[in-house]
Amino acid sequence: RCLEICRECSYSEHMLGKKARSGPPFYTLPEPRNAMDAVRQGSGVAAEERNRLGLGDAPIHALADLLANQGVWAASVDLPDDMLGLFLRHSSIGMVILINHDHPRPRKRFSYAHEYAHALLDRNRTAIVSTRDNSKDRSETRANAFPAAFLVPDGGVRSYLASLYKGLPSRPTQLVAGPTATGGV
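Worth saying up front: this structure is predicted, and the values here are computed from it rather than measured.

What counts and what doesn't
- Numbers given to residues run from 1 along each chain, matching the order in which its sequence is written.
- Only residues with pLDDT of at least 70 are given local features in this predicted model, and only at 80 or more are side-chain atom pairs given and counted; all residues enter the totals for whole chains, interfaces and linings.
- Heavy atoms from the whole structure form the basis of all side-chain values; hydrogens and water molecules are not counted.
- Think of it in three bands: with a 1.4 Å probe and only protein chains considered, a residue is buried below 20% of the maximum accessible area for its type, exposed above 50%, and partly exposed in between.
- Think of it this way: any DSSP run of H or I at least four residues long counts as a helix, any run of E at least two long counts as a strand, and we number them from the N terminus.
- Strand pairing is assigned whenever DSSP identifies at least 2 bridges connecting the two strands.
- What is meant by a nonpolar core is a set of buried Ala, Val, Leu, Ile, Met, Phe, Trp, Tyr and Cys residues, joined one to another through side-chain atoms within 4.5 Å.
- Note on contacts: a residue pair qualifies if any of its non-hydrogen atoms lie within 4.5 Å across the two residues.

**Some points on the pairing of strand S3 (residues 94-100)**
For step 1, the next point in the chain: Among the seven residues that make up S3, seven are buried, leaving the element largely enclosed by the rest of the structure.
For step 2, the next point in the chain: Sheet topology note: the strand S1 (residues 72-77)/S3 ladder contains six bridges and is parallel. Residue pairing across strands places Val77 opposite Asn100, the latter belonging to S3.
For step 3, the next point in the chain: The pairing of strand S2 (residues 83-90) with S3 spans six bridges and is classified as antiparallel. Its bridge partner being in S3, Leu88 is matched across the sheet by Val96.

Structure below.
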């Protein structure tokens, strides 16, 4: 049903004279050698994407809209309980991200970003189903590392903590000059 809706939307865009969706860039990286390599790749691409999109360290509020603006169809739909999300690439509709509608909002945001990582890194595959069972696959580890760095960049966390006067040394040093200071006051 979702694919049929995407086909109809693609046809409508074509009839309206809109150019075909090209999607986001494709990051061509070698298969991760191990879990740490997968984490480095996912985090690195997340930082590059934030930079390319001009996001800085700001939060991303409308993630599905951001994906749509990158030429990726994105929707929250009814999926089987064990399915977290799905990435599809088809010549007639382009790229599609579907996430589980029944999941809590934070999990949905993570799933959108996770599937977006597949669109950026694994689009040579036609379909990728994300489940808890395949979460140890290196491509899944890489896609799991992406949301952490994409949705919660280090700089944003540091800025937020600094705004709360947290994340600083526990005993700030305050120098105060007094009458015994050299040269007087």
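**Quick word on the nonpolar core**
For step 1, the next point in the chain: Core analysis: the largest hydrophobic core is formed by 26 residues, its most contacted members being Leu63, Ile97, Tyr116, Phe146 and Phe150.
For step 2, the next point in the chain: Put simply, the parts of the chain that give this core at least two residues each are helix H2 (35-52), helix H3 (63-69), S3, helix H4 (105-121) and helix H5 (138-151).
For step 3, the next point in the chain: Take this core: its biggest share by element is seven residues, from H4.
For step 4, the next point in the chain: Sequence-distant contacts of Leu63, defined by excluding residues within four places in its chain, comprise Arg109, Tyr112, Ala113, Phe150 and Leu151.
For step 5, the next point in the chain: If you look at the next biggest cluster of nonpolar residues, it comprises nine residues, including Trp73, Leu79, Met83 and Ile93.

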